[in-house]
Amino acid sequence: MSTGKNRIVSHTSIYMIGDILRRGVSLIMLPIYTRFLTPADYGVVELLSMVLDVASILFSARVGQAVFRYYCTSNSEDEKKSIIASALLLSVLLDIIGAVIVIVLAGPLAIAVFSDIGYKHYIVLFAITMFLTPLVEIPLIYIRAQQKPWLFMAFSITKLVLQLSLNIYFIVFLEMRVEGVIYSAVISGLVMGILLTGYTLPRTGIMATKAICKSLFSFSLPLKLATLGSFYMTFGDRYILNMFTDLTQVGIYSLGYKFGFILLLLTWDPFQKSWDAEKYEIFKRPGAKPSYQKVFVYISSILILAGLCISLFTKDLLRIMADPSFLDAYKIVPVIIIAYIFQAWTRYCSMGILLENKTMQIAYGEMVGVLVITLAYFTLIPMYGIYGAAWSTVVGFAARFYWTNLKSTQLYNMELPWTKVSLTASLATSIYFLSILSPEGIILSILYRTALVVTFVSVFFMLPILSRNEKMELWGKIQSLQGILKR
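Now for a quick tour of the structure. (Residues numbered from 1 in each chain as written. Predicted model: local features only at pLDDT ≥ 70, side-chain atom pairs only at ≥ 80, totals over all residues. Heavy atoms only, no water.)

**Re the packing of helix α8 (residues 120–145) against helix α10 (residues 178–204)**
Point 1. Closest axis-to-axis distance for the α8/α10 pair is 7 Å, and the angle between their directions is 30°. Taken together, the axis directions place α8 and α10 in an arrangement best described as roughly parallel. Like other packed secondary-structure pairs, α8 and α10 cross with a definite hand, here left-handed.
Point 2. Looking at side-chain class alone, the contact of α8 with α10 contains 20 nonpolar, seven polar and two charged residues. (Axes fitted to C-alpha atoms, helices over the stretch in contact; angles between N-to-C directions. Helix = DSSP H or I, 4+ residues; strand = E, 2+ residues; numbered from the N terminus. Parallel < 35°, antiparallel > 145°, perpendicular 65-115°, else oblique. Left-handed = near helix turned anticlockwise from the far one by under 90°. Nonpolar A, V, L, I, M, F, W, Y, C, P; charged D, E, K, R; others polar.)

See the structure below:
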């Protein structure tokens, strides 16, 4: 078991670095985006991304979880190669169909989303990224399934350098604003698609089969429905905000919301990249439940600590890096962080559903969340604007978590230690409320908030959340992580 845990820690650490490099462009570009794009421009980019994401959910295969499910349980190398080739072929064909439909409907979509057909050409350009996406995502899934985190990081570095260079060139030097963001996304997607497909196909061949495509699609169909609901719960508030406010408020809200994505980027996403394969390996071993419980306490503690740090320091970060017109974004960050901790728990607690192939229960959970969040959107957003949107997100994500955890536990009860996790969350909440007393000066504010983080960590280790052996083990993991980062 220790070998498995060491692999989870080391691979998660490498994936974390890789994800930061691959997807950290938006954070690195924050000073540029908030100075060369207006809040309204930022809102336009968010709504354009929303249109393409909806189209991707409707038309793409969305076979990521299916690939892991079948690849990691297969004992035949030829079958594993065929699974990857089939996933790639199926995904590309469906995304091409989707891109063509979006281009044909670009005019009506521009009117529906922006009430202005002038945005049509933006939608047409952005639609090109649709069929490029599987050329990047399926090879990256293949690399993760092979447990090659260092290769994943190498491609991540390549994408970071490429996209960062293109963003600076188009947005700063050519001053293309929204078009610059789109051109950067299209070109970087094309180059990375060529590189990653060029790595994958020589190793897997083109042994796609109709039977495997059908199995992947059947497994993924309920998850597609769930993804559609998840997307609505994540981005629907932008559209409704635009109905009741304006693009400036959408831009400010979108910037604050981005810090929820940053929480996942730094914690859950890299962990999941290792966990997607490892959780099935743990299940095959005797005494799996204690392992699931221990991992849950660890990842929840990390999520809560990272969420606390982001909530404490966002205001000072925006004061340093962003234009003052974006400053109000910090006010919704702690609320969004709570929502995304619920989302991470939802994914972890779906183990029983995945083991029993009852993926329709995940779709039902999304439906519950959609119903609850819709009621909250139209109740809270008209009255409270961006704050109503943020709290609606918490309510909807919590409802989805409740359903998923309930149904999954009925199928396979991991007996997770919720008391320990609740104690950690209560400690973080108390520490956050102390930040209200923070001084106004940036340097003093940063020092004060740093002291609060140190206080949280100190009290956490004094409370009966971890056993003595677990504390020693955790300290060993931290030291091993430091060794990885120094390599």
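**Describing unusual backbone geometry**
Point 1. Its identity is not glycine, yet glutamate 415 carries a phi of approximately 55°, on the positive side.
Point 2. With respect to the helices and strands, glutamate 415 occurs in the loop between α18 (386–411) and α19 (418–434).

**Some words on the packing of aromatic side chains**
Point 1. Here the structure, examined in full by the defined rule, presents 30 aromatic pairs.
Point 2. Centre to centre, the rings of tyrosine 257 and tyrosine 340 are 5.6 Å apart; their planes meet at 90°, and the pair counts as edge-to-face. Here tyrosine 257, found in helix α12 (residues 247–266), pairs with tyrosine 340, found in helix α15 (residues 333–348); they are 83 residues apart in sequence, far enough to count as distant. Of the two residues, tyrosine 257 and tyrosine 340, neither departs from the other in class, the shared state being buried.
Point 3. Judged by centre distance (5.4 Å) and plane angle (75°), the rings of tyrosine 340 and phenylalanine 397 are edge-to-face. (Phe/Tyr/Trp six-rings, centres within 6.5 Å; stacked < 30°, edge-to-face > 60°. Buried < 20%, exposed > 50% of the residue type's maximum accessible area, 1.4 Å probe, protein only.)

**Things to note about the packing of helix α7 (residues 106–114) against α8**
Point 1. In the contact formed by α7 and α8, the axes pass within 8 Å of each other and the chain directions differ by 120°. Judged by the angle between their axes, α7 and α8 are oblique. You can see that α7 and α8 cross each other, and the crossing is right-handed. Each of Ala106, Gly107, Leu109 and Ala110 in α7 lies in contact with α8, whose residues at this interface are Lys120, Ile123 and Val124.
Point 2. Its residues placed into classes, the contact of α7 with α8 shows five nonpolar, one polar and one charged. (Contact = heavy atoms within 4.5 Å.)

Note that every value here comes from positions in space, so none of it alone points to a role or purpose.
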